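# Coordinate inspection notes
Residues per chain, in single letters:
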Amino acid sequence: MSVSEVRRDIARLRARYKVLEQQQFTFVNAMDNNRTDAYERTKPVRNITTVREYMQRCNNATEKRAFRQWLDFLRDLDDLRRKIDDAGKVNGPMERAMDKWKVLLNPNNDFSSLRARYPHQEVNHLSCDEARNYYGGAVSLIPAIFDCIDAAQGQIAAQAALGTWPPAPAPQTLIRRSSGSAQHRRSRTEGDLIRSQSAMDKAVGTKDFTTTEKKTTTITTKQPRKLSGGVGYYRRTLNGRADQVQLKNLNKKGVWRGASYDKVNHVDHHHFIGLSGSYM
């Protein structure tokens, strides 16, 4: 932001404030009429948020316009501060003036004890001592901000004469962003989690049952004509089909599969082997 732009914006704001200064009586009367609570009438107006609440509960068009003009002017002052602040990093008296300017425009800043001093006459235009105590901070806020603007403008002019305005911009820190979509990052994270779980399983000696070799059993859907010695039993399935299961070794004891180990089948399987001498 150049020096000519700063001077032009400040001059435009000062011309607008002359019109706003002429409506000070309307603004103070609007605040007094909208302090409906008895407790509020015993306390001074403290911050910008309180004035905004008065405008929201106001029903009079003239008073609401006075509130809106005051709040809009404060917003324009804040926009000017942001423009000057974005021009570059400042220090010294310029930095102190900008910090005070920012604090005064804070919506929650307590300005009840703020009083505009000479050459400002806003407080002297109030009717009585009671009005000065209640509304002196509200009418002194904009003059105090203009004092900060004058200090900042003087520093800008001095730096421009030395050729140091606008200041060099502050170096920006580059933020590295991860490439890929969110779905890709999520799938990559899930893959890392699976690999870590596999490594943990190997560490404790567990087996991955998905890669374990399955026990092979030969299942035929047709009944053989002759029964061999390795036939263990017939299994009747749900669809009525008789499946022949081949057992590798019947002499060794293992898991019971529905037939005895002495080649005598179970009674439910309608096929018997070697029954001639078993029950003699």
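Up top you'll find the structure we're talking about.
Below you will find a few notes about this structure. (Residues numbered from 1 in each chain as written. Predicted model: local features only at pLDDT ≥ 70, side-chain atom pairs only at ≥ 80, totals over all residues. Heavy atoms only, no water.)

Turning to the packing of aromatic side chains, a few remarks are in order. Applying the stated rule across the entire model yields 6 aromatic pairs. Aromatic side chains Tyr 17 and Phe 73 sit 5.9 Å apart centroid to centroid with 35° between the ring planes, which places their arrangement in the tilted category. One end of the pair, Tyr 17, is in helix H1 (residues 3-22); the other, Phe 73, is in helix H4 (residues 61-86), with 56 residues separating them in the sequence. What makes Tyr 17 buried here is its relative accessible area of 11%. Owing to a relative accessible area of 1%, Phe 73 belongs among the buried residues under this scheme. Clustering of aromatic rings is evident, with ring pairs tying together Tyr 17, Phe 73 and Phe 146. One residue, Arg 35, lies across the ring of Tyr 134, its end atom 5.3 Å from the ring centre. (Phe/Tyr/Trp six-rings, centres within 6.5 Å; stacked < 30°, edge-to-face > 60°. Helix = DSSP H or I, 4+ residues; strand = E, 2+ residues; numbered from the N terminus. Buried < 20%, exposed > 50% of the residue type's maximum accessible area, 1.4 Å probe, protein only. Lys NZ or Arg CZ within 6 Å of the ring centre and 35° of its normal.)

Here the focus is helix H3 (residues 48-57). Those residues of H3 lying buried are Ile 48, Thr 50, Val 51, Tyr 54 and Met 55. One side of H3 carries all its buried residues, which in axial view fall inside an arc of 160°. The opening residue of H3 is Asn 47, an N-cap whose side-chain oxygen sits 3.4 Å from the backbone nitrogen of Thr 49. (Arc of directions from axis to C-beta. Polar contact = N/O pair within 3.5 Å; in protein donor to acceptor, adjacent residues only side chain to side chain.)

What follows deals with the layout of surface pockets. To locate leftover empty space, one rolls a probe as large as a water molecule over the atoms. Of the pockets and cavities examined, the second largest pocket occupies roughly 280 Å³. When residues of the lining of the second largest pocket are traced back to their parent elements, those giving at least two are helix H2 (24-33) and helix H6 (129-162). The element that contributes the greatest number of residues to the lining of the second largest pocket is H2, accounting for 5 residues. A breakdown of the residues in the lining of the second largest pocket according to their chemical character gives 7 nonpolar, 4 polar and 4 charged. (1 Å grid on protein atoms, 1.4 Å probe; cavity = no way out; pocket = protein on both sides within 12 Å on 5 of 7 lines; lining within 4 Å. Points joined across faces, edges and corners; volume = space filled by probe spheres on them. Nonpolar A, V, L, I, M, F, W, Y, C, P; charged D, E, K, R; others polar.)

Let's shift gears to empty space enclosed by the protein. Inspection of the entire model under this criterion finds 1 cavity of 30 Å³ or more. In this structure, the largest cavity occupies an estimated 120 Å³ of space. Lining the largest cavity, in full, are Tyr 17, Leu 20, Glu 21, Gln 23, Gln 24, Phe 27, Trp 70, Glu 122, Ala 138, Val 139, Ile 142 and Pro 143. Those elements that provide at least two residues to the lining of the largest cavity are H1, H2 and H6. It is H6 that contributes the most residues to the lining of the largest cavity, 4 residues altogether. Among the residues forming the lining of the largest cavity, the class breakdown is 8 nonpolar, 2 polar and 2 charged.

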